[in-house]
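# Residue-level structural notes
Take a look at the letters that make up each chain.
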Amino acid sequence: MRKLNFAAGPSIMPMEVLEELQKNLVDYHGKGLSMIEASHRGGMFEEMYDECLADFRSIFSIPDGYDVYFLGGGATLQFTMIPMNFLLKGGHADYTRTGSWSNKAADDAAKLGNVNILFDGKESGYTTLPDPKALRPSEGADYLYLCSNETIGGIEWQEFPDTGEVPLIADMSSDMLSRPVDVSKFAMIYGGVQKNLGPAGAVFIIMRHDMLERRNPDLTAYMDYAKHAKDKGLYNTPPVFSIWAVGLVLKWIKRNGGAEGMLQNAIEKSGYIYDVIDSSSGFYRSPVDPRYRSRMNVVFRCPTEELEAKFLAEAQKEGMIGLKGHRSVGGLRASLYNALPMEDAASLAMFMKEFERRNG
Ligand SMILES: *Cc1c(COP(=O)(O)O)cnc(C)c1O
């Protein structure tokens with residue numbers, strides 16, 4: 001029996017996609033070889049890749065003037081590539097510190113240039129965000145950086161700041177395609193695909209083409225976005241398997257209502273869990289400012305760590321896995337990515353109520 005998989009990443013994939021991968025792994029649609037045996041300079045790969053990129057553009061409503069492609073190296077490599085390209089000598093970049101992932105990005109950038117911390121959630125324990133309507137970039141900033149959904153802290157920007165002429169760059173690793181986003185507000189959106197889009201190995205890059213004019217041109221080849229943009233991400237061998245699977249996930253998203261459909265599902269699924277937390281009169285606690293609760297990663301606590309351990313052990317017996325909070329923060333976390341079936345979120349909510357009744 002398949003587990004109910006609430007893991008934060010790598011994470012659950014749509015069953016239909018796994019089956020399609022399996023069906024075509026050895027012989028890709030009768031071509032006599034596997035997609036992972038095919039050259040990335042050949043027609044078989046390119047046809048699949050072009051379709052994947054086209055679906056990505058249409059589902060996410062990416063306007064003309066943006067390059068879209070995939071790279072390796074994890075989202076983490078982007079923490080370095082972004083400042084290498086766009087944090088210029090003598091300039092500075094604005095960063096928002098809202099949790100583990102944006103902190104890592106800000107720390108890496110600070111090794112390469114001047115970083116101005118526009119917001120630091122440290123005092124609140126990273127449980128709240130700045131008001132996006134009031135947040136303004138500093139004078140002359142090279143860019144403003146944010147993480148749209150902090151996967152570990154369970155906190156998500158519901159709206160994005162208006163940064164005017166200053167390029168806005170966002171890490172959307174863990175809530176990409178869980179909702180429609182106005183891409184035109186951003187100069188760059190990127191993310192590891194292993195949370196909401198496919199198997200680990202690829203990072204998607206969406207970048208306004210004119211950003212390349214601002215970049216530092218003195219970079220080694222791989223670090224230079226212009227090299228990748230020029231060849232739609234095929235400067236070197238791309239993560240083929242991952243891209244193939246992402247392509248299938250994109251088609252699955254299309255069949256299931258696109259970005260708007262994913263949003264409705266996310267509202268409903270996270271609603272189940274937050275309702276249980278809010279109606280538990282204190283047995284379950286969410287540390288996150290209710291205005292910025294993540295619909296993808298629901299973070300919560302029980303009254304004691306002993307109860308949390310018991311919760312995890314009993315959930316496991318019910319086939320529910322991946323509910324342990326990140327080792328850096330403890331507690332519990334339910335990740336409710338696109339591919340998680342509605343029934344699984346409902347089952348978790350029911351289990352939580354039952355657990356409270358027995359232990360409250
Ligand atoms: C997981 C995650 C990352 C790191 O991704 P890697 O692919 O492991 O480098 C970065 N940002 C966010 C928001 C994440 O959830």
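Placed above this text is the structure.
Residues numbered from 1 in each chain as written. Predicted model: local features only at pLDDT ≥ 70, side-chain atom pairs only at ≥ 80, totals over all residues. Heavy atoms only, no water.

## Points about the overall build of the protein
Within the protein, the regular secondary structure consists of 9 helices and 13 strands. Against the compact-globule benchmark of 21 Å for 360 residues, the protein has a radius of gyration of 21 Å, which places it among compact chains. Projected onto its principal axes, the C-alpha coordinates of the protein cover approximately 60 × 55 × 30 Å. Residue burial in the protein is summarised as follows: out of 360 residues, 57% are buried. In the protein, of all internal contacts separated by at least 6 residues, the share reaching a separation of at least 24 is 68%. About 15400 Å² of surface is accessible on the protein, with carbon and sulfur atoms providing 51% of the total. Charged side chains in the protein number 39 positive and 47 negative. The centres of these two groups are separated by 3 Å. (Helix = DSSP H or I, 4+ residues; strand = E, 2+ residues; numbered from the N terminus. Rg over C-alpha atoms; globule rule 2.2 N^0.38 Å. Buried < 20%, exposed > 50% of the residue type's maximum accessible area, 1.4 Å probe, protein only. Contact = heavy atoms within 4.5 Å. Areas by Shrake-Rupley, 256 points an atom, 1.4 Å probe, with all protein chains shown as cover. Lys, Arg positive; Asp, Glu negative; His and termini not counted. Charge placed at Lys NZ, Arg CZ, Asp CG, Glu CD.)

## Some remarks on the nonpolar core
With 87 residues, the main nonpolar core has Phe56, Phe60, Phe70 and Ile206 as its most contacted residues. A total of 10 residues in this core trace back to one element, the largest contributor, which is helix 6 (residues 240-255). Taken together, domain 1 (15-255) and domain 2 (258-359) each give at least three residues to this core, which thus spans both. Those residues within four positions of Phe56 in sequence are excluded, and the remaining contacts are Ile62, Val68, Phe70, Met176, Leu177, Leu197, Phe204, Ile206 and Leu250. (Core = buried A, V, L, I, M, F, W, Y, C linked by side-chain atoms within 4.5 Å. Domains from an automatic or database assignment.)

## So, the packing of aromatic side chains
In this structure the tally under the stated criterion is 20 aromatic pairs. The interplanar angle of 25 degrees and the centroid separation of 5.2 Å between the aromatic rings of Phe45 and Tyr49 together place this pair among those described as stacked. Of the two residues, Phe45 and Tyr49 both sit in helix 2 (residues 43-59), 4 residues apart, roughly one turn of that helix. Each member of the pair, Phe45 together with Tyr49, is buried. Aromatic ring contacts, followed pair by pair, group Phe45, Tyr49, Phe56, Phe60, Phe70 and Phe204 into a single cluster. (Phe/Tyr/Trp six-rings, centres within 6.5 Å; stacked < 30°, edge-to-face > 60°.)

## Observations regarding the site of the ligand
Around the ligand sit 13 residues in total, of which Thr76, Thr151, Asp171, Gln194 and Lys195 are the nearest. One of the backbone nitrogen or oxygen atoms of Ala75 is found 3.1 Å away from an oxygen atom of the ligand. Trp101 is positioned with one of its side-chain polar atoms (N or O) 3.5 Å from an oxygen atom of the ligand. Contact with the protein chains removes 87% of the 390 Å² of surface that the ligand exposes when unbound. The dominant element in the shell around the ligand, judged by the number of residues it contributes, is helix 3 (residues 74-86), at 4 residues. (Near = heavy atom within 4 Å. Polar contact = N/O pair within 3.5 Å; in protein donor to acceptor, adjacent residues only side chain to side chain.)

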